[in-house]
Every structure is written in structure tokens, then in C-alpha cells.
Amino acid sequence: MNSLYGKDLITTQDWSVEELEKTLDLSFEFKANRYDHPLNNCLDRRTFFMFFYNPSVRTRQSFEAAATELGGHAQFLEPKSMRLKSAKTAGETVQDAAEVMSRYAVGIGIRILETALETYGQGDELLREYAQYATIPIVSMAHDRFHPCQGLADVMGYRMHAGKNLKGKKLVQVWAKGALVRSWSSVQESILLNSRLGMDVTLAHPKGYELDPEVIKWCEENAQRSDSTFEIVHDLEEAYKDADIVYSRNWMTSNFYDYVAKDNVDGAKSKEIQLASKYDDWICNKEWMSMTNNALFTHCGPVDRNAEVTDEVCDGPRSIVYDVAENRLHVQKAIMALTMGKQ
Ligand code: CP
């Protein structure tokens, strides 16, 4: 039995570098041999539950396609399709739901972020509670802290276009203005994983957009261990200068859930959009890209065009956004094959 069988994936930080490399190797194999890989039947007649508290284009469709391509089925679930206990309503406990779901399926994916939560960290706690009681793997499909499938798909894209050895290459994870008020999951996963795998990571944002201090501490430790660098800057010129990969993305301030508590979700979103609109320069455009080392442009999607990035860059020759979106499929096939596939 492979060492990943039965393992949860809540963040890549919980897996060893060897386990991540094994997953990436298999992802490349699935990409090269999409319909004829020897593991293509490893979910034969098996079900993967996809539990979505928030909407999705890529995650739902790529998981569903991935399960089909592995010979299994991905079943879509949302909170209203179940009767779960919450702080405000009576219902079934996570323990009971997790135990029962484990009798039907081989794995459970969960997405919970942004407006489905009342405080930062609640989504991570929920996934870890499912992981405590389920006897099958729990996979994050993006929650408030992390997005491991996205992080691995990003790395696969970088390796496709910049080579396997990314040591010494500069990744700029840069905040961008926008109206989507996004959780920190994709960004935190990206800086964690790439500092771990040896890229020089620069996190750039205006003051007030600080991320989770524990994640920042892990990034610093990752960079030290992998003999790379991790820095935080608040200046765009410093950020873009000599970058090899630019990942421009909006994220919410750390006050978002305080605004929700004070003024409901719509009020909190309006406040965030108003705050973000002050930062007109924080858009990835041709001028900023001209300061880079002919950098690749990436984004996890959905892209807020002409806010986070101009059409010219997003549709330009150095953009890898669609390859990265495709990689979600290959990476998730690899994760499912290794953690829950027939042994
Ligand atoms: N990147 C990502 O998770 O996209 P979706 O929200 O469309 O699933």
C-alpha cells in the first residue's frame, strides 16, 4: 500500500516534500496519458462526495471529471441537501455525518470560505473535525485558510513553463484591487508551498492586507529549510523587479469578519470594495510586467479582469492561467488515486 493511502489533504504543509513530489509526478503522468493510464480504473464503482458551501467553476467540474476519468463518480452535496447542526439550528453533528458518509464513499471534499463563515479559521476547524471522525480522506476543495489542490496545480504550471528546477526563481504573490473580496486560501497555499519547494517568494500588498501570522511564520521557516528567501514588501516596483512568475490576486483585509459582525455580509463586502478601490496602481498590467524577467503570469481563477489584471496580460503570451486551470484535473486525479484509489 502506498504511504499516502487514507491520508487527508487539508494543506500541502501537512504533507512531506516527498509526498508532494510523488503527487506531482503522478499528475504529470495523468496529463501525458490522460485516458490510458494504468491507474485510470482506480475509483471503479466508487463515490467521492463533494460538499460545497460556496460556488465554484473549476473545483466542482474538475473533481467531477477527475472521478469520471478514474472510473468512479463524484456526488455534489450542499448544506441545504443535509440537515446539519449549527450554532443557530438543531441538526445532525459533524461526527455522525462524517461516520455515515464514510460508509458510502471513499473520500470527502469540502469547500467552505468567504461568506459561508462567521470568523476566520472556522472553515479549517470544520475540515479538521470531519477529518477526526471520517474513516476516509478529507480533501480541502478550498477553505478559509488553504487550497492545496490549487497550490499543486500552480506548481505543475510553473514546471511546465519554467522547468522542474525552480530554485532561485522569484515568485511574486501580489495583492490586486477587485470586487470579489476573496478569502486567503489560494494565496496562503501558494506562498507556503513555493517557499517549501525552494522558490524565492515575495509577498506584496498594501498595509492593511496582512495574512495569517502563523502562515507567514511557516513561510519563513520553509524558506530557511529550503535555502530560499521569503520577504514581504509594500512597494510595487520592488515586488515586480526581476520577477520570474507573477501571481496577482485580490484578497480581503483581516477585518472582514468584524465588518460582517457589525454590518452583515453585504455591508462588509461594500466596505472591502471601497477600501480596495483606493489602490488604483495595484493591477497587474503591461507596465509592471515590463519590470520583470519576462515573467509568466498566473492566477487561480475566477479572474476579476481589468481589476486584478488587464486583459492584455491575462490573454498575453506569458499567461498560463488556462494551463493551471487544466492542471486541477490532473492533480486531483493524482490525489484521489493516491489517497483513496483501489490498492
Ligand atoms: N480556483 C478555484 O478554486 O476556482 P473555483 O472557485 O471556480 O472552483
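If you're wondering where the values come from, they're calculated on a predicted model, not measured in any experiment.

Caption draft 1: Structural view of the site of the ligand. Lining the immediate surroundings of the ligand are Ser 56, Val 57, Arg 58, Thr 59, Arg 111, His 147, Gln 150, Cys 300, Gly 301 and Arg 328. One of the side-chain N or O atoms of Arg 58 is found 2.8 Å from an oxygen atom in the ligand. In the model, a nitrogen atom of the ligand is placed 3.0 Å from a nitrogen or oxygen of the Gln 150 side chain. Compared with its free state, where it exposes 260 Å², the ligand has 95% of that area covered by protein. Of the residues belonging to the shell around the ligand, the class tally is 2 nonpolar, 5 polar and 3 charged.

Caption draft 2: View of the pairing of strand β2 (residues 73–77). In the sheet, strand β1 (residues 47–52) pairs with β2 via 5 bridges, with the strands oriented parallel. Directly across from Phe 49, in β2, lies its bridge partner Gln 75. Handedness of the crossover joining β1 and β2 through helix α2 (residues 58–69): right-handed.

Caption draft 3: Structural context of the domain arrangement of the protein chain. In terms of domains, the protein chain is made up of domain 1 (12–146 + 326–340) and domain 2 (150–325). Once you take the C-alpha centre of each, domain 1 and domain 2 turn out to be 24 Å apart. Counting residues at the interface gives 33 residues for domain 1 and 37 residues for domain 2. With both sides pooled, the region where domain 1 packs onto domain 2 buries about 3,100 Å², and carbon together with sulfur makes up 57% of that total. Note that Glu 114 is salt-bridged to Arg 182, the shortest N-O span being 2.8 Å. At the boundary of domain 1 and domain 2, one finds 24 residue pairs in polar contact (both at pLDDT 80 or more). Those elements that place two or more of their residues in the side of domain 1 that touches domain 2 are α1 (17–32), β4 (138–143) and α12 (321–340).

Caption draft 4: Looking closely at the sheet that holds strand β3 (residues 107–112). Ordered by their spatial adjacency, 4 strands build an open sheet running β2-β1-β3-β4, and the pairing between neighbours is parallel. The strands lining the two open edges of the sheet, one partner per strand, are β2 and β4. Each neighbouring strand pair of the sheet contributes to a mean axis angle of 20°, computed without reference to strand direction.

Caption draft 5: Spotlight on the side chain of Thr 23. With respect to the element layout, Thr 23 can be found in helix α1. Among all residues touching Thr 23, those that are not within four sequence positions of it are Leu 4, Trp 15, Leu 152, Ala 334, Ile 335 and Leu 338.

Caption draft 6: The arrangement of the state of the cysteines in detail. What the rule picks out here adds up to 0 disulfides. Unpaired in terms of disulfides, Cys 219 finds its nearest cysteine sulfur in Cys 300, a separation of 16 Å.

Caption draft 7: Looking closely at the pattern of salt bridges. Applying the stated rule across the entire model yields 20 salt bridges. The shortest N-O distance in the salt bridge between Arg 305 and Asp 311 comes to 2.9 Å. What makes Arg 305 partly exposed here is its relative accessible area of 32%.

Thresholds applied
Residues numbered from 1 in each chain as written. Predicted model: local features only at pLDDT ≥ 70, side-chain atom pairs only at ≥ 80, totals over all residues. Heavy atoms only, no water. Near = heavy atom within 4 Å. Polar contact = N/O pair within 3.5 Å; in protein donor to acceptor, adjacent residues only side chain to side chain. Areas by Shrake-Rupley, 256 points an atom, 1.4 Å probe, with all protein chains shown as cover. Nonpolar A, V, L, I, M, F, W, Y, C, P; charged D, E, K, R; others polar. Pairing = 2+ DSSP bridges. Helix = DSSP H or I, 4+ residues; strand = E, 2+ residues; numbered from the N terminus. Right-handed = clockwise from strand over helix to strand, strands pointing away. Domains from an automatic or database assignment. Contact = heavy atoms within 4.5 Å. Buried area = accessible area lost by both parts, 1.4 Å probe. Salt bridge = Lys/Arg side-chain N within 4 Å of Asp/Glu carboxyl O. Axes fitted to C-alpha atoms, helices over the stretch in contact; angles between N-to-C directions. Disulfide = S-S within 2.5 Å. Buried < 20%, exposed > 50% of the residue type's maximum accessible area, 1.4 Å probe, protein only.

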